[in-house]
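# Chain and residue survey
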Amino acid sequence: MRVSVIGCGYLGAVHAAAMADLGHEVIAVDVDAEKVAALSTGTPPFFEPGLPEILSSSLASGRLRFTTDIAEVAGCELHFIAVGTPQSDDSGAADIRFVDAAVDALLPNLGPEDVVVGKSTVPVGTAQRLAEKLLSAGSSATLVWNPEFLREGFAVKDTLSPDRLVFGVADGVGQDRALAAVREVYAAAIASGTPVVETDLATAELVKTAANAFLATKISFINAMSEIAEATGANVTELADAIGYDSRIGRRFLNAGVGFGGGCLPKDIRAFSARAEELGLGSSVAFLGEVDAINLRQRQRVIDRVISDGGGDPVDLKVAVLGLAFKPQSDDVRDSPALDVARGLAEAGALVTAYDPEAMGPAQKRFPELKVASTLQQALLDADIAVLVTEWPEFVQLDPRTAGDLMAHKRIVDARNVLNPAEWRAAGFHYSSLGRP
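Read on for a plain summary of the structure. (Residues numbered from 1 in each chain as written. Predicted model: local features only at pLDDT ≥ 70, side-chain atom pairs only at ≥ 80, totals over all residues. Heavy atoms only, no water.)

For the rest of this paragraph, the subject is the environment of L345. Checked against the element boundaries, L345 lands in helix α13 (residues 337–347). Residues in contact with L345, not counting those within four places in the same chain, are I303, V306, I307, V319, V321, A350, V352 and V387. (Helix = DSSP H or I, 4+ residues; strand = E, 2+ residues; numbered from the N terminus. Contact = heavy atoms within 4.5 Å.)

Our focus in this paragraph is the sheet that holds strand β13 (residues 430–433). Within the open sheet, the 5 strands sit side by side as β10-β9-β11-β12-β13. Their pairing is parallel. Each edge of the sheet is formed by a strand with only one pairing partner; in this case those strands are β10 (351–355) and β13. On average, each strand axis in the sheet is inclined to that of its neighbour by 20 degrees, with strand direction left out of account. Of the strand pairs in this sheet, strand β11 (residues 385–388) and strand β12 (residues 411–414) are connected by 3 bridges, and their pairing is parallel. Bridging across to β12, A386 finds its partner in I412. Across the sheet, α13 is in contact with β9 (318–322), β10 and β11; its angle to β9 comes to roughly 170 degrees. (Pairing = 2+ DSSP bridges. Axes fitted to C-alpha atoms, helices over the stretch in contact; angles between N-to-C directions.)

This next bit is on the sheet that holds strand β7 (residues 165–169). Read from one edge of the open sheet, 8 strands run β3-β2-β1-β4-β5-β6-β7-β8, paired in mixed fashion. Both outer strands of the open sheet, β3 (64–67) and β8 (196–199), are each paired with one neighbouring strand and no more. Ignoring strand direction, the axes of neighbouring strands in this sheet form an average angle of 20 degrees. Of the strand pairs in this sheet, strand β2 (residues 25–29) and β3 are connected by 4 bridges, and their pairing is parallel. The residue bridging A28 from the neighbouring strand is F66, located in β3. Sheet strands in contact with helix α4 (residues 97–106) are β1 (2–6), β4 (78–81) and β5 (115–118), and its direction is about 160 degrees off that of β4.

Another aspect to go through is the packing of helix α9 (residues 201–232) against helix α12 (residues 287–309). When two helices pack together, their arrangement is given by the angle between the helix axes and by the axis-to-axis distance. As a packed pair, α9 and α12 sit with axes 9 Å apart at the nearest point and diverge in direction by 50 degrees. By the angle between their axes, α9 is oblique relative to α12. Handedness of the crossing formed by α9 with α12: left-handed. Within the contact between the two elements, α9 uses A213, A216, T217, S220, N223, A224, S226, E227 and E230 and α12 uses F287, L288, V291, I294, N295, R297, Q298, R301 and R305. Here the residues of the contact of α9 with α12 sort into 7 nonpolar, 6 polar and 5 charged. (Parallel < 35°, antiparallel > 145°, perpendicular 65-115°, else oblique. Left-handed = near helix turned anticlockwise from the far one by under 90°. Nonpolar A, V, L, I, M, F, W, Y, C, P; charged D, E, K, R; others polar.)

Bringing the pattern of salt bridges into the picture now. Summed over the entire model, instances satisfying the criterion amount to 28 salt bridges. The partner of R416 in a salt bridge is E391, with the nearest N and O atoms 3.3 Å apart. With a gap of 25 residues between them, R416 in the loop between β12 and α18 (421–426) and E391 in the loop between β11 and α16 (393–396) connect regions that are remote in the sequence. With its nearest N and O atoms 3.3 Å apart, the salt bridge here joins D399 to R401. Classification of D399 as partly exposed rests on a relative accessible area of 27%. Overlapping salt bridges, with partners in common, bring together R270, D292, R299, D335 and D340 in one network. (Salt bridge = Lys/Arg side-chain N within 4 Å of Asp/Glu carboxyl O. Buried < 20%, exposed > 50% of the residue type's maximum accessible area, 1.4 Å probe, protein only.)

Counting residues in hydrophobic clusters, the biggest one holds 51 residues, and the most contacted among them are V319, L345 and V387. Of all the secondary-structure elements, those providing two or more residues to this core are α12, β9, α13, β10, α14 (360–366), α15 (376–380), β11 and β12. Ranked by the residues each element gives to this core, the list is headed by α13, at 5 residues. Residues V3, M19, V26 and V156 belong to the second largest nonpolar core, which totals 42 residues. (Core = buried A, V, L, I, M, F, W, Y, C linked by side-chain atoms within 4.5 Å.)

Printed below as a string of structure tokens:
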């Protein structure tokens with residue numbers, strides 16, 4: 001099929017390359033000429049495993065092109081809207097100006113049987129408003145809402161082999177044709193057994209926000225339990241193992257630590273709360289405010305723990321911060337707990353040296369004063385204490401004897417609860433984590 005992708009950020013670039021990898025002819029559009037130029041040479045503007053390979057092969061095949069000219073989408077059958085919906089500067093609400101701008105730009109280039117496919121995460125009710133905008137503009141194109149469920153670090157796999165597909169469409173003329181078109185574009189995934197949910201526009205919008213709200217709640221729940229565990233001498237990891245055997249609960253996302261971050265969960269739960277307030281239903285999701293508060297509190301808990309374990313005085317305390325991205329296999333530092341810990345320690349007077357395999361450049365753009373090391377060993381050299389805040393494999397697999405030989409004092413705070421306490425203590429370390437003895 002001939003498809004267009006509007007927006008070449010994280011979501012759009014991955015989606016465009018994956019669609020071309022599946023054999024579709026793809027034209028991807030963005031207003032950022034520098035980004036388009038980089039992508040056109042096969043260079044992603046962010047780190048995502050597997051993307052450079054399918055980007056290069058799709059460009060070489062001729063099935064994928066990038067452009068700044070929206071008029072080039074004319075003649076495509078499907079148009080994916082994949083622009084960002086950041087948190088508004090003055091509130092927790094989602095800023096959907098880019099979504100509206102994408103639809104406005106598409107309108108003059110739509111054919112009568114085209115299908116516009118929304119992938120951006122938007123407040124419930126947005127899709128219906130956009131469908132009405134198409135209608136009022138005289139377009140007979142049909143809108144389908146197809147939310148994305150990408151995990152950073154696994155985005156290529158999640159696009160090519162999703163765990164479910166959700167298609168939201170309004171009843172009426174064009175409904176059957178639109179559903180047939182999106183089923184065709186995802187034919188490979190559907191043929192492999194991917195479940196498909198066909199529903200209305202509002203439900204499709206809510207699927208994404210509800211899923212992220214649930215995951216955020218689960219993470220904050222176990223982090224709240226880690227506070228209780230510390231106060232009572234319990235072990236939060238063993239607690240999570242025990243309750244995780246309950247099939248109604250499950251073990252995933254029950255790992256206590258410094259909390260969640262990134263460009264999705266934090267902003268999405270805030271936007272969900274803001275939308276509920278607009279609907280007069282703020283009390284229905286009031287708990288999300290506490291979910292957010294627990295998550296942010298974890299960051300301060302880690303900062304306080306590092307200072308306490310380092311002797312109590314942060315001034316001139318040499319701290320090795322291991323990790324800056326919000327999660328491994330990503331260079332994303334948006335709302336990153338790791339970057340907040342590094343910043344908080346530095347602002348308290350500590351001498352922070354940070355290392356991350358991929359995220360040091362993006363981190364320094366957000367925190368220019370941050371001192372970074374070129375290697376993990378350099379970050380650890382002469383440190384009074386280390387704190388592991390992003391669970392990159394090289395940190396998880398770090399030999400405590402090697403680390404101890406480099407550091408001025410053998411102290412480590414495991415803010416992700418991923419290290420073996422016995423091994424580190426046997427190597428002479430003062431080891432501490434969150435909610436574990």
